Amino acid sequence: MNAPAEAFSGSRARFEDLAGLLASTECLAMEHGELESAVEARGRELLRQMLQDHLDLRALREERLGAVRDGQHVERSRVEADHARALETVFGTVQVRRLAYRAPERGNLHPADALLNLPNERHSHGLRRLAAIESSRGSYDGTVEAVARATGQLLGKRRGSSWRGRRPVTSPSSTRPARTSPSRATTCSSSRPTARAW
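Treat the numbers as computed from the prediction; the structure is a model and nothing was measured.

Across 10 bridges, strand 2 (residues 78-89) lies against strand 3 (residues 92-102) in antiparallel orientation. Bridge pairing in strand 3 places threonine 89 opposite glycine 92.

Here the focus is the environment of isoleucine 133. With respect to the helices and strands, the residue isoleucine 133 is situated in helix 5 (residues 125-135). Residue class for isoleucine 133 comes out partly exposed when judged on its relative accessible area of 29%. Distance from isoleucine 133 to threonine 143, taken between C-alpha atoms, is 8.6 Å for residues 10 residues apart in sequence.

Let us look at the pattern of salt bridges. The tally for this structure, following the rule as stated, stands at 13 salt bridges. Among the ionic pairs, arginine 97 bridges to aspartate 56, the shortest N-O distance being 3.7 Å. With arginine 97 in strand 3 and aspartate 56 in helix 3 (residues 32-61), the pair connects residues that are 41 residues apart, well separated along the chain. On the basis of relative accessibility, which here comes to 29%, the residue arginine 97 falls in the partly exposed class. Three or more residues joined by partner-sharing salt bridges are found here, namely Arg14, Glu45 and Arg48.

With that out of the way, let us pick up the nonpolar core. Leu127, Ala131, Tyr140, Val144, Val147 and Leu155 form the largest nonpolar core, which has 6 residues in total. Elements supplying a minimum of two residues to this core: helix 5 and helix 6 (140-151). For this core, the element with the most residues is helix 6, which contributes 3 residues.

On to unusual backbone geometry. For glutamate 105, which is not a glycine, the phi torsion comes out positive at approximately 60°. Position of glutamate 105 relative to the elements: it lies in the loop between strand 3 and helix 4 (111-116). Judged by its relative accessible area of 85%, glutamate 105 falls in the exposed class. The phi dihedral of asparagine 117 is positive, around 55°, even though this residue is not glycine. On the secondary structure map, asparagine 117 appears in the loop between helix 4 and helix 5.

Mapped onto the elements, arginine 85 comes out in strand 2. Despite its burial, arginine 85 pairs with no opposite charge, the nearest such side chain being aspartate 113 at 4.4 Å. Among the polar contacts listed, one links the side chain of arginine 85 to the backbone oxygen of proline 119, at a separation of 2.9 Å. Polar side-chain contacts of arginine 85 include one of 2.8 Å to the backbone oxygen of glutamate 121.

What counts and how
Residues numbered from 1 in each chain as written. Predicted model: local features only at pLDDT ≥ 70, side-chain atom pairs only at ≥ 80, totals over all residues. Heavy atoms only, no water. Pairing = 2+ DSSP bridges. Helix = DSSP H or I, 4+ residues; strand = E, 2+ residues; numbered from the N terminus. Buried < 20%, exposed > 50% of the residue type's maximum accessible area, 1.4 Å probe, protein only. Salt bridge = Lys/Arg side-chain N within 4 Å of Asp/Glu carboxyl O. Core = buried A, V, L, I, M, F, W, Y, C linked by side-chain atoms within 4.5 Å. Lys, Arg positive; Asp, Glu negative; His and termini not counted. Polar contact = N/O pair within 3.5 Å; in protein donor to acceptor, adjacent residues only side chain to side chain.

So this is what it looks like as structure tokens:
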């Protein structure tokens, strides 16, 4: 399936911005340290935008499933598009938009969350893994500084402290549900991220 013409237009604009900077007279006069800093900052934003554009494309292509039930076998018969949640990643914050399957007095189910293996919390597995590794090496302040240097992301004190003593996060493929045909029923356990109301 071909991507629509506007897909990744934001990423292309970020790339052209970075390429234009590197070709500028200003950059030609920079020392290598200044160049590294400029490329690091704009390069990270380029990667964040590429991830965002990919997530937007997934949202555009998400197909409505025939039937979705929770762990108590209660069907979600109403479907709404463009339900969004924030995800803090090693590149920056992105928005994940997906279909929400709804029923009266029940939390929304988002099968796309399970396909992406999204955590219940805002922070991605990659960011949590990095914080857990750094927290095992030293103090909270050192963890915050190390994560900020590597990703540009600032951890709150409460969040950073909660990672101390944790093992690095893994994302086993066994936790991901099998891809389901739109004509088949899908069961989403209420204990998984898909049952979260965002």
